[in-house]
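Spelled out, the chains give:
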Amino acid sequence: MQKTLFLLFTLWWVFGVSHAQKPDTTRWSITMGTKQVGFLKKWKNVDDTFSEWRQFNDRGRGDSTVGTYSYDKDGYITMIDARGVDYYKKPVYERYGFKRDEAFWENNVEKGKEGVRKKAQYVALNISVGTSYQAYFNHPKRVIQHLPSGSSTLKVLQNHILRDGRKIKLVRISGLGLAPNYIWLNKNNEFFAAPGEWFSMVKLGYEGFIKELYKIIKMYRDSYYKELASQLRHKIAKGLLITNAQVFDPVSGKLHPKSSILIAKSKIQQVAYGKKLKAPEGYQTINARGKFAMPGLWDMHVHYTSETDGLLHLACGVTNVRDMGNSEALLARKKAIEAGTVLGPRIQAMAGFIDGAGKYAGPIGSKVHNVKEGIAAVQAYANKGYQQIKLYSSLKPEWVKPLAEEAHRLKMRVSGHIPSFMLAEEAVKAGYNEIQHANMLFLNFYGKKLDTRTPVRFSAVAQRGHQFDFDSPQLKAFVQLLKQKNVVIDPTVTIFENMFVGAKGEFRPSMKRVAKRLPLNIQRAMKAGSSLEVPEGQGANYEKSFANMLKMVKVMHQNNITVVPGTDSFVGFTLHRELENYVKAGIPAAEVLKMATITSAKVAGQATNYGTIAKGKAADIILISGNPLKNIADVGKVAITIKNQDIYYTKELFKAVSVKYF
């Protein structure tokens, strides 16, 4: 009843405010790729306050919020009253104000107050509303203080004149997160555009300028990360000798104490178990006493979107990744990493994204209208060097087989979501080599009537997964089919832990161990509870549904079905949690570490050079301050990452993205 009243009030608020809009309302477009998916509207009210209405649709997900706010003469926000639904359609609200020199705020997660001796700009948690930039320009050093805490700095990078004569400027804001934000402002220091690779917001009528404006941002961003790369990369001039290490062999599962590793020319030249080697003349040395040496980790499900991702991957010991769907900017990023101009893991495999055209189509990749277009998309990806294709939810089931046949003809793997109105077992028979996400395994048993293009692909499993029958003949037959077809499972269970489990005011389970090391604004966001709205009285069932997801991963592993760890979420740290969850499911730590190294390398077709610490293989090693075989959580205590002929000290990498060292 309470939720119903809230939603009715939200509808009244949205439509009541929308009718109050004036003809001079300012509008922005929200786009994903080249498709307009939403809007932002702003107008001034008769009482000199302002209102904003923001809404977008990402395949049935997306925010819809309305808020009213006010500024003082210096551009500081003095009041916010906002509400609506978040990306996963959970009700959210935000309130902020002053009373007798005391600031107070409240939202779904927090309730706080603080005496204010000098002006500070409140940073809203759940709803992006009332963002002001004028306050920066009223400070001689372009610095403002924030509530609940912290500060940020604005720097004007470039003035620019558009083809229609409009004057805008690019600014960089540092201090609010892991990396600087790049925003275009108009001549009055008001928001004009925030263009990106996937997601953009731009003043209505200027959608055609997104590529131009993003290109300029990219130039400054690339320069920023290029400078970081020169500071954080420590070159191995001639060679490197690691001594006294506990070397883990993922093939045998054994740990070899007091061992040595000799590296030169980006290769492992020698591995001496239980022996101390002498360093050749001119070689650097690392005494790894007390350190656990293992091959660099693999994340088999990323969407590589920024150079900050690269820094976090390396800091978390991830040296190899597989990208599961991206814009073609990925190709340039891959070249930049290989050239050494930016830091990051090796992008060892790329999946070309193909979806059926329509309102639920994915935000990137190829959107096809028929089989002919789908086959052309497969061929185009093959010509660009992609190793596999990823099929998505809006494809018609009857298109899967011909697309898979073409991919296989071109020696490409086929994987993805299971298209809506199709079962996983049908997709496997049609040619799938791999299934992404554990929820797709459960949906195989819920029939073909669910429209899994929408968030029902999450909610159906959350609501029904606790009752799953693991002894059913249907599951046994499905498992046998997966074995027969050598299908790989990429379960990404940790994203479902965040969806199904968690209480408001507590850090999300996946980040609980590391949240306090992150910048404050990210910490705050981690306290939002479970991503899905959990119906009253259903918390225990949702938690059991997640527990059954872990049980499903164990069933797959026990039946010798290949499982590869991937995240599809917060970079680096989520992979550590993914591995913890596999151990929690009952899989031995040594086998989990094998999944994250040599098994992933095999699936990516790169086992000849990666996945183990052995003579002739690439220098791809991490040194951990702990023992993940005894405590899998220690996999997060990476002290040093070695990639090719470079050494990275993770303490330095974390500092560069405002993360505290462990």
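This is a predicted model, so every value here is computed, not measured.

## Regarding the packing of aromatic side chains
And step 1. Inspection of the entire model under this criterion finds 29 aromatic pairs.
And step 2. Ring geometry for Tyr87 and Tyr88: centres 5.1 Å apart, planes at 90 degrees, overall edge-to-face.
And step 3. The class for Tyr88 is partly exposed, based on a relative accessible area of 25%.
And step 4. A centroid spacing of 5.2 Å and a plane angle of 70 degrees characterise the contact between Phe192 and Tyr206, whose relative ring orientation is edge-to-face. Here the residue Phe192 occupies a position in strand 14 (residues 191-194), and Tyr206 occupies one in the loop between strand 15 (199-203) and helix 3 (210-232), the gap between them amounting to 14 residues.

## Re the nonpolar core
And step 1. One finds Ile354, Ile435 and Phe500 to be the most contacted residues of the largest nonpolar core, which totals 118 residues.
And step 2. A per-element tally of this core places helix 14 (residues 539-558) first, with 8 residues.
And step 3. When sequence neighbours within four positions are dropped, the list of residues in contact with Ile435 reads Gly416, Ile418, Ala424, Val428, Met440, Leu441, Leu482, Val487, Val488, Ile489 and Asp490.

## Some words on the side chain of Arg577
And step 1. Considering the arrangement of structural elements, one finds Arg577 in helix 15 (residues 573-584).
And step 2. For Arg577, a relative accessible area of 15% translates into the label buried.
And step 3. The contact partners of Arg577, leaving out residues within four places of it in the chain, are Thr494, Glu497, Pro509, Ser510 and Arg513.

## Examining helix 11 (residues 473-484)
Within an α-helix, residues lying three or four positions from one another point in the same direction, as the helix has 3.6 residues per turn.
And step 1. Compared with the 16 Å implied by 1.5 Å per residue over 12 residues, the 16 Å span of helix 11 between its first and last C-alpha is a close match.
And step 2. Among all positions in helix 11, only Leu475, Phe478, Val479, Leu481 and Leu482 are buried. Down the axis, helix 11 shows its buried residues gathered within 160 degrees of arc, on one side only. Away from the buried face of helix 11 by more than 90 degrees, exposed residues Pro473, Lys476 and Gln484 are located.
And step 3. Against helix 8 (424-430), strand 28 (434-436), helix 9 (439-443), strand 29 (488-490) and helix 14 lie the buried residues of helix 11.

## Some points on the pairing of strand 2 (residues 35-44)
And step 1. The element strand 2 is largely enclosed, with a buried count of 7 among its 10 residues.
And step 2. Where strand 1 (residues 26-32) folds back onto strand 2 in an antiparallel hairpin, the turn is made up of 2 residues, including Gly33, whose phi is positive at roughly 65 degrees.
And step 3. Where strand 2 meets strand 3 (residues 50-56), 7 bridges bridge the pair, whose relative direction is antiparallel. Paired with Gly38 across the strands is Phe56, a residue of strand 3.
And step 4. Between strand 2 and strand 3, which pair antiparallel and follow one another directly, the connecting turn spans 5 residues, one of which, Asp48, has a positive phi of 70 degrees.

## Re the side chain of Ser259
And step 1. Among the secondary structure elements, Ser259 is positioned in strand 18 (residues 254-264).
And step 2. A polar atom in the side chain of Ser259 sits 3.0 Å from the backbone oxygen of His256.
And step 3. Beyond its immediate chain neighbours, meaning those up to four positions away, Ser259 contacts Ile242, Thr243, Asn244, Ala245, Val247, Ala272, Tyr273, Gly274 and Lys275.

## Describing the packing of helix 10 (residues 456-464) against helix 12 (residues 493-500)
And step 1. Interaxial distance between helix 10 and helix 12 falls to 11 Å at its minimum, and their mutual angle equals 75 degrees. Our classification of the angle between helix 10 and helix 12 gives roughly perpendicular. Contact with helix 10, carried on its side by Phe458, Val461 and Ala462, involves Phe496, Met499 and Phe500 of helix 12 and no other residues of that element.

## Structural notes on the packing of helix 6 (residues 371-383) against helix 7 (residues 397-409)
And step 1. In contact at an axis separation of 9 Å, helix 6 and helix 7 are set at 25 degrees when each is read in the N-to-C sense. The angle between the axes of helix 6 and helix 7 places the two elements in the roughly parallel class. The element helix 6 and its partner helix 7 pack so that their crossing is right-handed. In this structure, helix 6 uses Val371, Gly374, Ile375, Val378 and Gln379 to contact helix 7, whose residues at the interface are Trp399, Pro402, Leu403, Glu406, Ala407 and Arg409.
And step 2. Here the residues of the contact of helix 6 with helix 7 are counted per class, giving 7 nonpolar, 2 polar and 2 charged.

## Description of the environment of Arg333
And step 1. On the secondary structure map, Arg333 appears in helix 5 (residues 329-339).
And step 2. Here Arg333 is in contact with Glu197, Arg221, Tyr304, Thr305, Ser306 and Glu307, once residues within four sequence places are set aside.
And step 3. Within the structure, Arg333 has its side chain in polar contact with the backbone oxygen of Thr305 (distance 3.5 Å).

## Section: the pattern of salt bridges
And step 1. Applying the stated rule across the entire model yields 30 salt bridges.
And step 2. The partner of Glu434 in a salt bridge is Arg322, and the shortest N-O contact between them spans 2.5 Å. Note that Glu434 is positioned in strand 28 and Arg322 in strand 23 (residues 318-323), a separation of 112 residues in sequence.
And step 3. The partner of Asp490 in a salt bridge is Arg322, with the nearest N and O atoms 3.9 Å apart. One end of the pair, Asp490, is in strand 29; the other, Arg322, is in strand 23, with 168 residues separating them in the sequence.
And step 4. Residues joined in a network through salt bridges with shared partners are Asp72, Lys73, Asp74 and Lys119.

## Here's the deal with the pairing of strand 6 (residues 91-98)
And step 1. For strand 6, the buried fraction is high: 6 of the 8 residues fall into the buried class.
And step 2. Relative to strand 6, strand 5 (residues 77-85) runs antiparallel, the two being bridged by 6 bridges. Note on strand 6: the bridge partner recorded for Val85 is Pro91.
And step 3. The antiparallel pairing of strand 5 with strand 6 creates a hairpin that spans 5 residues between the two strands, and Lys89 there sits at a positive phi of about 70 degrees.
And step 4. Here 5 bridges tie strand 6 to strand 7 (residues 102-107), and the two strands are oriented antiparallel to one another. Considered in strand 7, the bridge of Glu94 is made with Asn107.
And step 5. The hairpin turn running from strand 6 into strand 7, its antiparallel successor, is 3 residues long, and Arg100 in that turn takes a positive phi close to 55 degrees.

Each value, and the rule that gives it
Residues numbered from 1 in each chain as written. Predicted model: local features only at pLDDT ≥ 70, side-chain atom pairs only at ≥ 80, totals over all residues. Heavy atoms only, no water. Phe/Tyr/Trp six-rings, centres within 6.5 Å; stacked < 30°, edge-to-face > 60°. Buried < 20%, exposed > 50% of the residue type's maximum accessible area, 1.4 Å probe, protein only. Helix = DSSP H or I, 4+ residues; strand = E, 2+ residues; numbered from the N terminus. Core = buried A, V, L, I, M, F, W, Y, C linked by side-chain atoms within 4.5 Å. Contact = heavy atoms within 4.5 Å. Expected span 1.5 Å × (residues − 1). Arc of directions from axis to C-beta. Pairing = 2+ DSSP bridges. Polar contact = N/O pair within 3.5 Å; in protein donor to acceptor, adjacent residues only side chain to side chain. Axes fitted to C-alpha atoms, helices over the stretch in contact; angles between N-to-C directions. Parallel < 35°, antiparallel > 145°, perpendicular 65-115°, else oblique. Left-handed = near helix turned anticlockwise from the far one by under 90°. Nonpolar A, V, L, I, M, F, W, Y, C, P; charged D, E, K, R; others polar. Salt bridge = Lys/Arg side-chain N within 4 Å of Asp/Glu carboxyl O.

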